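The lines below spell out each chain.
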Amino acid sequence: MQIIRDFQFVEPEDRGASVAIGNFDGVHLGHQSVIELARNAELNAPLGVMTFEPHPREYFAPEAPPFRLMRGNARAHRLEKLGVQKLYELPFNSALAGMTPEAFARNVICDGLGLSHVVVGADFCFGKGRSGNPQDLVRFGEEMGFGVTIAPLLERTENVVSSTAIRMALSEGRPRDAATMLGHWHRIEGEVVGGEQRGRDLGYPTANMSIEGLHPPRFGVYAVLVDVLDGPHQGSYHGAASVGTRPMFQGEVPNIETFLFDFSGDLYGATLSVGLVDYLRPEMTFDGLDGLISQMDADCARAREILAST
């Protein structure tokens, strides 16, 4: 998959794609249905996705609580798995935010990227002040020479599949419900950073990753599926992870600490993708380290049992 970040300087071979447009936070089943429509709209055109970085919501409200389900790199990895060939990851800045709907259609879609077809969801808004709607895009497409498909909202069990509903499921410790809407496990992806090595002293060495900028799932312990994406230990593993602030050690900044079963090695600097499978228990404090270790033993035994049948 090729990533293009400048709509004003585009190589001829990167034009003419059939593109799904949106933020695609989580790349859930609704997003996947939009991408599939783009795939089928122009069979002889490259399949593309147009998205924005940072997320427009982050741009307009930088002090708001973190809400993203995935960072840009994780989104790109997921889109590549779906067969997307061209990812137009456009910088969301004052110039883009200030474009009228017509200017966006002409300058970005038509003249800039030369797209052959675009697919948007029925709730899509675009242009300055979110003043453009899908019907406006259809009209611009007829005038400017690109096709437009409006995708209906996808429903599952009488509920609309949405990033908001997925965030709620994660906040309530329901990762399997989130996975039903996502079409895949909710994954936290990032680089392993140095920690205080308390887990190593307890017999449970963990790979520590920041969750800064991401919507935090319910704090506690999870059974997880782990993909090591690079480095000498690249591969897939089972494990248990703790998400939160480590109340036993007066932690302050939330993170995720993952213990990989039957693993020995150094993961510092490697990129991990940690899939949340089941919520085991909330964060707890203990009278001493013996109680903590006993609980960790129980957590890992339960996680192994769950993952063996997953």
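Residues numbered from 1 in each chain as written. Predicted model: local features only at pLDDT ≥ 70, side-chain atom pairs only at ≥ 80, totals over all residues. Heavy atoms only, no water.

(A) Inspection of the overall build of the protein at higher detail. When helices and strands are counted, the protein shows 10 helices and 14 strands. A compact globule built from 310 residues would reach a C-alpha radius of gyration of about 19 Å, and the protein, at 22 Å, matches this within 12%. Along the first, second and third principal axes, the C-alpha atoms of the protein reach 70 × 40 × 35 Å. In the protein, buried positions account for 49% of the 310 residues. Taking the contacts inside the protein whose residues are at least 6 apart along the sequence as the reference set, 74% of them involve residues at least 24 apart. For the protein, the accessible surface area stands at approximately 14700 Å², while carbon and sulfur atoms represent 49% of it. Averaged over its 26 positive side-chain charges, the protein has a centre that lies 2 Å from the centre of its 40 negative ones. (Helix = DSSP H or I, 4+ residues; strand = E, 2+ residues; numbered from the N terminus. Rg over C-alpha atoms; globule rule 2.2 N^0.38 Å. Buried < 20%, exposed > 50% of the residue type's maximum accessible area, 1.4 Å probe, protein only. Contact = heavy atoms within 4.5 Å. Areas by Shrake-Rupley, 256 points an atom, 1.4 Å probe, with all protein chains shown as cover. Lys, Arg positive; Asp, Glu negative; His and termini not counted. Charge placed at Lys NZ, Arg CZ, Asp CG, Glu CD.)

(B) Structural view of the pattern of salt bridges. Inspection of the entire model under this criterion finds 15 salt bridges. Put simply, Glu53 and Arg75 hold a salt bridge, and the shortest N to O gap is 2.8 Å. With Glu53 in strand β3 (residues 47–53) and Arg75 in helix α3 (residues 72–81), this pair connects stretches of sequence that are 22 residues apart. Under the relative-accessibility criterion, Glu53 is labelled partly exposed at 25%. One salt-bridge network, in which partners are shared between bridges, spans Arg5, Glu53, Glu58, Arg68, Arg75 and Glu89. (Salt bridge = Lys/Arg side-chain N within 4 Å of Asp/Glu carboxyl O.)

(C) Examining helix α6 (residues 134–144) more closely. Among the residues of α6, those classed as buried are Pro134, Asp136, Leu137, Phe140, Gly141 and Met144. Buried residues of α6 fall within an arc of 145° about the axis and therefore sit on the same side. In α6, the exposed residues that point more than 90 degrees away from the buried face are Gln135 and Glu142. Where α6 begins, the side chain of Asn133 points an oxygen toward the backbone nitrogen of Gln135, at a separation of 3.0 Å. Gly145 sits one or two positions beyond α6 and adopts a positive phi of about 95°. (Arc of directions from axis to C-beta. Polar contact = N/O pair within 3.5 Å; in protein donor to acceptor, adjacent residues only side chain to side chain.)

(D) The arrangement of the pairing of strand β11 (residues 220–228) in detail. β11 sits mainly inside the fold: nine of its nine residues count as buried. Remark: six residues form the turn of the hairpin made by β11 and strand β12 (residues 235–244), two consecutive strands paired antiparallel; Gly231 in that turn has positive phi of roughly 85°. As paired strands, β11 and strand β14 (residues 271–281) are joined by eight bridges and run antiparallel to one another. Bridge pairing in β14 places Asp227 opposite Ser273. (Pairing = 2+ DSSP bridges.)

(E) Up close: the environment of Thr271. Structurally, Thr271 can be placed in strand β14. For the pair Thr271 and Asp227, spaced 44 residues apart in the sequence, the C-alpha separation amounts to 8.6 Å.

(F) Quick look at helix α7 (residues 163–171). For α7, the full list of buried residues reads Ser163, Ile166, Arg167, Ala169 and Leu170. For α7, the arc enclosing every buried residue in end-on projection is 160°, short of the 170-degree limit, so these residues lie on one face. The elements touched by buried residues of α7 are α1 (29–41), α2 (56–60), α8 (175–182), β9 (186–191) and β11. At the exit of α7 stands Gly173, carrying a positive phi of roughly 70°.

Function cannot be inferred from these measures alone, as they are strictly geometric.
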